[in-house]
Amino acid sequence: MAPTPEDEVLHRFESGVSWITLNRPEAMNAITWDQRERVIALLAEASADPDVRAVVITATGKGFCSGADLRGAGAAPTERVVGDIARMIRLSAQRVITAVLDCEKPVIAAVNGTAAGIGAHLALACDLVIAAEPARFIEVFVRRGLVPDGGGAYLLPRLLGPQKAKELMFFGDAVPAAEAERLGLVNRVVPAEALQDTAREWAERLAQGPTRALALTKQLVNASLDSDRATALAAEATAQELNMSTADANEGVASFVERRTPKYVGR
């Protein structure tokens, strides 16, 4: 029996956290079309479900995601016309990266091994990145004579600055986890056996926070990189206006006045 998308992208929900796990370890979790669609759907569900208050994306085996596996997209057309490739990129790699960036809940990448190509971008699009010591990040496109896609030329300069981003993309060298942490691509590097527990600790801490305030903060930070000062400050004021109508904002202020620990409910 052929594996289903549910087999190849595992999902569980516990303690307010949606866990999304790529599960094709025999292929170093190279991501297929069907897997992308399931990841996108799970991220959309996380945004819409008030009980989901954080998301973790991780993988089984030795690889986080070794890139795109297009075998799940069906047979290649016998004749390709201008526009076909651009359409495929928009509908596949770009959609999954956008789904992470636009998810209304904080998303943590727990990177267990090699993250290459679109796999690296899937991790780097997340709000926080925890890497196991054996993990490495590879802008593999140049090795195949390709332009980086899946948002790479958008994400990396914002994380590293243009010069360092070009170095990684021009040479395609593997960046070990420790170096990725030094560069600012990764928030924390931990021993492999501590990865899941660290991701759980961070995710459950986020899940106990003011969920709507975190969502608005994520939107503000992401948008600020493409905004002028006036636009960013106007967005900030609007976000605070919206946030002050939430139960969690009221609880946060009340707990401060009453000198007690706040109890946030995500509403």
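The structure this text deals with has already been given above.
The paragraphs below set out a description of the structure included in this document. (Residues numbered from 1 in each chain as written. Predicted model: local features only at pLDDT ≥ 70, side-chain atom pairs only at ≥ 80, totals over all residues. Heavy atoms only, no water.)

### Considering the overall build of the chain
Looking only at helices and strands, the chain features twelve helices and ten strands. Seen through its C-alpha atoms, the chain measures out along the principal axes to roughly 65 × 45 × 35 Å. Residues classed as buried in the chain amount to 44% of the 267 residues present. Summing over all exposed atoms, the chain offers an accessible surface of approximately 13,900 Å²; the carbon and sulfur share of this is 56%. Of the charged side chains in the chain, 29 are positive and 34 negative, and the gap between their average positions amounts to 2 Å. (Helix = DSSP H or I, 4+ residues; strand = E, 2+ residues; numbered from the N terminus. Buried < 20%, exposed > 50% of the residue type's maximum accessible area, 1.4 Å probe, protein only. Areas by Shrake-Rupley, 256 points an atom, 1.4 Å probe, with all protein chains shown as cover. Lys, Arg positive; Asp, Glu negative; His and termini not counted. Charge placed at Lys NZ, Arg CZ, Asp CG, Glu CD.)

### A word on the pattern of salt bridges
When the charged atoms of two side chains with opposite charge come close together, those side chains can pair. Applying the stated rule across the entire model yields 15 salt bridges. For the salt bridge of Asp 84 with Arg 87, the shortest nitrogen-to-oxygen distance reads 3.0 Å. Highlighted residues: Asp 84 and Arg 87, both in helix H3 (residues 84-91), separated by three residues, approximately one helical turn. On the basis of relative accessible area, Arg 87 is assigned to the partly exposed category, the value being 39%. A salt bridge links Glu 104 to Arg 212; the shortest N-O distance between them is 3.1 Å. (Salt bridge = Lys/Arg side-chain N within 4 Å of Asp/Glu carboxyl O.)

### Considering the packing of helix H6 (residues 152-160) against helix H7 (residues 162-171)
Between H6 and H7, the least distance of the axes is 7 Å, while the angle of their chain directions is 130 degrees. With respect to H7, the element H6 is oriented oblique. Relative to H7, the crossing made by H6 is right-handed. Contacts between H6 and H7 involve Gly 152, Ala 153, Leu 156, Pro 157 and Leu 160 on the former and, on the latter, Pro 162, Lys 164, Ala 165, Leu 168 and Met 169. A breakdown of the residues in the contact of H6 with H7 according to their chemical character gives eight nonpolar, one polar and one charged. (Axes fitted to C-alpha atoms, helices over the stretch in contact; angles between N-to-C directions. Parallel < 35°, antiparallel > 145°, perpendicular 65-115°, else oblique. Left-handed = near helix turned anticlockwise from the far one by under 90°. Contact = heavy atoms within 4.5 Å. Nonpolar A, V, L, I, M, F, W, Y, C, P; charged D, E, K, R; others polar.)

### Examining the sheet that holds strand S9 (residues 174-176)
Read from one edge to the other, the open sheet built from four strands follows the order S4-S6-S8-S9, with strand pairing classed as mixed. Lying at the two open borders of the sheet, with one neighbouring strand each, are strand S4 (63-65) and S9. Adjacent strand axes in the sheet meet at a mean angle of 20 degrees, parallel and antiparallel pairs treated alike. Bridge analysis of strand S6 (residues 114-116) against strand S8 (residues 136-138) gives three bridges, and the strand direction is parallel. Bridging across to S8, Ala 115 finds its partner in Phe 137. (Pairing = 2+ DSSP bridges.)

### Quick look at a nonpolar patch on the surface
A contiguous nonpolar patch, built from Met 244, Val 253, Phe 256 and Val 257 and spanning about 440 Å² of accessible area, is present on the exposed surface. Look at Val 253 and you get partly exposed, because its relative accessible area is 44%. (Patch = residues over 30% accessible without salt bridge, like charges linked within 9 Å, V, L, I, M, F, W, Y side chains within 5 Å.)

### Brief notes about the sheet that holds strand S5 (residues 107-111)
On the basis of which strands lie adjacent, the open sheet formed by six strands has the order S1-S2-S3-S5-S7-S10 and mixed pairing. Pairing within the sheet leaves two strands with one partner each, and these edge strands are strand S1 (9-14) and strand S10 (188-190). Neighbour-to-neighbour, the strand axes of the sheet open up by a mean angle of 20 degrees, direction not taken into account. Bridging between strand S7 (residues 128-132) and S10 involves three bridges; their strand directions are parallel. The residue of S10 that forms the bridge with Ile 130 is Arg 188. Across the sheet, helix H9 (residues 195-207) is in contact with S1, strand S2 (17-22), strand S3 (54-59), S5, S7 and S10; its angle to S7 comes to roughly 165 degrees.

Function cannot be read off these values alone, since they describe shape.
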